Amino acid sequence: MGYRVVVVGATGNVGREMLNILHERQFPLDDIAVVASPRSTGSVIDFGDSGREIRVKNIEHFDFAGWDIALFAAGSAVSKDYAPKAAAAGCTVIDNSSLYRMDPDVPLIVPEVNAEAIDGYRRKNIIANPNCSTAQLVVALKPLHERARIKRVVVATYQSVSGAGKSGMDELFEQSRNIFVGDANEPVFFTKQIAFNVIPHIDVFLDDGSTKEEWKMVVETKKILDPSIKLTATCVRVPVFVGHSEAVNIEFEDEISAEEAQAILREAPGVMLVDKREDGGYVTPVEAVGEYATYVSRVREDPTVENGLSLWCVSDNLRKGAALNAVQIAELLGRRHLQKAA
């Protein structure tokens, strides 16, 4: 016996990736539905590489009653309108938007980090998926925090354009082409040229000079991992199609060597340590695309602070940063609570 699962926003980058991962991981399904906005109604979407095509249904007319899990990947506005309706109908919502992440009645889950927090989902029948840059960060931090207690984190992100959706990917492609052929190259979606450039600005600016993306990393890390951790972030959009990278500096309460950190990370769930200290002995976004792991490289001691380490962290933002984490939450929900699968 399996689950009846709905993918909301199935025509977007993350929604399609959710379908791919549900198929890849052989999630126990009795039925699957894909829903999206009225303009996508009637189109067909591949269910991974299964050869099966699924027709898109109109979210405005979709009845969530009788469905077990809804994976939402359609943005905050859609989640605001439809997640409570789905939850009230008895369908547990796993929401990829930022809408519910800081709601005290909604668990914010990365299964490798805080699986037990999912037990509070019944308060609203909604579970939140973290921001893409937060998800991979806390997977890498968790095992180190357990060993030496993290005091402070300084992180600079190098975030791919797919984190901004299809429009971001299209703009990078169009600008790159226009530059090569000498055509006009004005930014439309991003605030500055993204091709052959970097933009130190993701989401809106806040009063203190930080951006909302940076704020998300701070508050989500505290909620998922430990409220006592101090974190500061600089989030940067880079001309990469898929894959987020992070340069992370960590200050610990207790002494920990780079060698011990490597040994811990080598055994940590969700982490793949690739750290050869030679030419090419590290992971870049190109190698992370399509993979499940959060890759860690360049682990080294920071002599400028007491008990400091620096490392490099890379993951596929459409997978661990979004779709994979959502499906892992669904698997966790099934194991701990719904328990319908044989």
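An unreviewed UniProt entry lists the protein chain under the name Aspartate-semialdehyde dehydrogenase, from Sphingomonas parva. Recorded in UniProt for the protein chain, the comment headed Sequence similarities (unreviewed entry) runs: "Belongs to the aspartate-semialdehyde dehydrogenase family." The protein chain has a UniProt comment under Function (unreviewed entry) that states "Catalyzes the NADPH-dependent formation of L-aspartate-semialdehyde (L-ASA) by the reductive dephosphorylation of L-aspartyl-4-phosphate."

### Some remarks on the packing of helix 4 (residues 132–148) against helix 6 (residues 212–224)
At their nearest, the axes of helix 4 and helix 6 sit 9 Å apart, and the two run at 40° to each other. The orientation of helix 4 relative to helix 6 falls into the category oblique. Helix 4 and helix 6 meet at a crossing whose hand is right-handed. Contacts between helix 4 and helix 6 involve Cys132, Ser133, Thr134, Leu137 and Val138 on the former and, on the latter, Glu213, Lys216, Met217, Glu220, Thr221 and Ile224. Here the contact of helix 4 with helix 6 is composed, by residue class, of five nonpolar, three polar and three charged.

### Notes on the UniProt feature "binding site: substrate" (unreviewed entry) in the protein chain
Mapped onto the present numbering, the UniProt feature "binding site: substrate" (unreviewed entry) falls on Gln159 and Arg237. A maximum C-alpha distance of 4.8 Å is found for the annotated residues, which run over 79 residues; spatially they form one tight group. As for the annotated residues named above, the ones lining the largest pocket are Gln159 and Arg237. Mapped onto the secondary structure, Gln159 falls in strand 8 (residues 150–159). With relative accessibility at 0%, the residue Gln159 sits in the buried group. The contact partners of Gln159, leaving out residues within four places of it in the chain, are Cys132, Ser133, Ile202, Glu213, Cys235, Val236, Arg237, Val238 and His244. Within the structure, the side chain of Gln159 is placed 2.9 Å from the side chain of Glu213, a separation counted as a polar contact. Considering the arrangement of structural elements, one finds Arg237 in strand 9 (residues 230–237). Leaving out residues up to four positions away in the same chain, Arg237 has contacts with Gln159, Ser160, Val161, Gly163, Ala164, Phe190, Ile194, Asn197, Val198, Ile199, Ile202 and His244.

### Details of the sheet that holds strand 8
Sheets are built from strands paired through backbone hydrogen bonds, the pairs being either parallel or antiparallel. Spatial ordering of the open sheet is given by 9-8-10-13-12-11, a layout of six strands whose pairing is mixed. On the outer flanks of this sheet lie strand 9 and strand 11 (271–273), each paired with one strand and no other. Between one strand axis and the next, the sheet turns by 25° as a mean value, whatever way the strands run. In terms of strand pairing, strand 8 meets strand 10 (residues 244–252) through eight bridges, oriented antiparallel. Along strand 10, the bridge assignment pairs Ile150 with Phe252. Those strands touched by helix 6 are strand 8, strand 9 and strand 10, and its axis lies near 145° from that of strand 9.

What counts as what
- Every chain's residues receive numbers from 1 upward, in the order its sequence appears when written.
- Thresholds applied to this predicted model are a pLDDT of at least 70 for local features of residues and 80 or more for the giving and counting of side-chain atom pairs; totals over whole chains, interfaces and linings are not thresholded and use all residues.
- Calculation of side-chain values draws on the structure's entire complement of heavy atoms; hydrogens and water are dropped beforehand.
- UniProt positions are given in the numbering used here, feature names are shortened, and annotations may be inferred rather than shown by experiment.
- For helices, the axis comes from a line fit to the C-alpha atoms of the stretch in contact; other axes are also lines fit to C-alpha atoms, and the angle between any two N-to-C directions lies between 0 and 180 degrees.
- Secondary structure elements follow DSSP: runs of H or I no shorter than four residues count as helices, runs of E no shorter than two count as strands, and numbering proceeds from the N terminus.
- To sort the angles, those under 35 degrees are grouped as roughly parallel, those over 145 as roughly antiparallel, those from 65 to 115 as roughly perpendicular, and the leftovers as oblique.
- The sense of a crossing depends on the near helix, which, turned anticlockwise from the far helix by less than a right angle, makes the crossing left-handed and, turned clockwise, makes it right-handed.
- Throughout, a residue-residue contact means that at least one pair of heavy atoms, one from each residue, lies within 4.5 Å.
- Under the scheme applied here, ten amino acids are nonpolar (Ala, Val, Leu, Ile, Met, Phe, Trp, Tyr, Cys and Pro), four are charged (Asp, Glu, Lys and Arg), and all others, including Gly, are polar.
- Site definitions follow a grid-based scheme: protein atoms alone, a 1 Å grid, a 1.4 Å probe that fits but cannot get out for cavities, and for pockets an open set with protein on both sides within 12 Å along at least five of seven lines, plus lining residues having an atom within 4 Å of a point.
- Each residue's exposure class comes from its accessible area (1.4 Å probe, protein chains only) as a fraction of the maximum for that residue type: buried when under 20%, exposed when over 50%, partly exposed otherwise.
- N or O atoms closer than or at 3.5 Å make up a polar contact, with two conditions inside protein: a donor-capable atom paired with an acceptor-capable one, and, for residues adjacent in sequence, both atoms drawn from side chains.
- Pairs of strands are assigned from DSSP output, requiring at least two bridges between the strands.

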